[in-house]
Amino acid sequence: MAIACFIRYEIDPFQRDAFRDYAENWGRIIPRCGGNLIGYFLPLEGTNYEAWGLVGFDSLAAYEAYRARLRSDPESRANFAMAQEKRFILREERTFTEVVDSAFQRAAQ
């Protein structure tokens, strides 16, 4: 994995369970469409409206191919439609970062 896509979501805190369902759906969809799902994260303490999704890719070209597969995947389209219908995502931002291999996934000693 060379890059990570950080997705910051501003969610309706009263629809936390709807976002959880949305994230759980991506748990099946993202790997099938070619993304390395690192995880989805809901707020626990502090801010109650900020959630995160992290997905890894070998390159920006791999990300673009993944996005094309998402657009043609029926379950992906249904998940996006559910989010639009229920309106639990108020804002979404994507940031792409480069992985520092020597400082990635280091276990506690």
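Here we summarise the structure given alongside this text. Note that the structure is a prediction, hence the values are computed from the model and not measured.

How each quantity is defined
Residues numbered from 1 in each chain as written. Predicted model: local features only at pLDDT ≥ 70, side-chain atom pairs only at ≥ 80, totals over all residues. Heavy atoms only, no water. Pairing = 2+ DSSP bridges. Helix = DSSP H or I, 4+ residues; strand = E, 2+ residues; numbered from the N terminus. Axes fitted to C-alpha atoms, helices over the stretch in contact; angles between N-to-C directions. Contact = heavy atoms within 4.5 Å. Buried < 20%, exposed > 50% of the residue type's maximum accessible area, 1.4 Å probe, protein only. Phe/Tyr/Trp six-rings, centres within 6.5 Å; stacked < 30°, edge-to-face > 60°. Salt bridge = Lys/Arg side-chain N within 4 Å of Asp/Glu carboxyl O.

One open sheet holds the 4 strands; their spatial order is 2-3-1-4, and the pairing between them is antiparallel. Because the sheet does not close on itself, it has two edges, and the strands there are strand 2 (36-41) and strand 4 (89-98). Here the strands of the sheet are splayed against their neighbours by 15° on average, with no regard to which way each runs. Relative to the sheet, helix 2 (residues 60-72) contacts strand 1 (3-11), strand 3 (50-57) and strand 4, its axis offset from that of strand 4 by approximately 150°.

Now for unusual backbone geometry. The phi torsion at Arg-87 lies on the positive side, around 60°, for a residue other than glycine. For Arg-87, the position within the fold is in the loop between helix 3 (74-86) and strand 4. With relative accessibility at 61%, the residue Arg-87 sits in the exposed group. Of note in the backbone geometry, Gln-105 takes a positive phi value of approximately 50° without being a glycine. Topologically, Gln-105 is positioned in the segment after strand 4. According to the relative accessible area criterion, Gln-105 is exposed, its value standing at 67%.

Take the packing of aromatic side chains next. Given two aromatic rings, one states the distance between the centres and the angle between the planes to describe the pair. Going through the model one piece at a time under the given rule, you end up with 13 aromatic pairs. Judged by centre distance (5.0 Å) and plane angle (65°), the rings of Tyr-9 and Phe-19 are edge-to-face. One end of the pair, Tyr-9, is in strand 1; the other, Phe-19, is in helix 1 (residues 16-32), and 10 residues separate them in sequence. Taken as a pair, Tyr-9 and Phe-19 share a single burial class, namely buried. An angle of 80° between the planes, with centres 6.3 Å apart, marks the rings of Phe-19 and Phe-88 as edge-to-face. Highlighted residues: Phe-19 in helix 1 and Phe-88 in the loop between helix 3 and strand 4, separated in sequence by 69 residues.

For side chains bearing opposite charge, pairing can occur when the charged atoms are close. Considering all chains together, one arrives at 7 salt bridges under this definition. Of the charged contacts in the structure, one is a salt bridge between Glu-93 and Arg-8, with a shortest N-O distance of 3.9 Å. Of this pair, Glu-93 sits in strand 4 while Arg-8 is found in strand 1, placing the two residues 85 residues apart along the sequence. On the accessibility criterion, Glu-93 (30% relative accessible area) is partly exposed. With a relative accessible area of 15%, Arg-8 lands in the buried category. Asp-73 serves as the salt-bridge partner of Arg-32, at 2.9 Å between the closest nitrogen and oxygen. Of this pair, Arg-32 sits in helix 1 while Asp-73 sits in the loop between helix 2 and helix 3; the two residues are 41 residues apart in sequence, bridging distant segments of the chain. When its relative accessible area of 11% is taken as the criterion, Asp-73 is described as buried.

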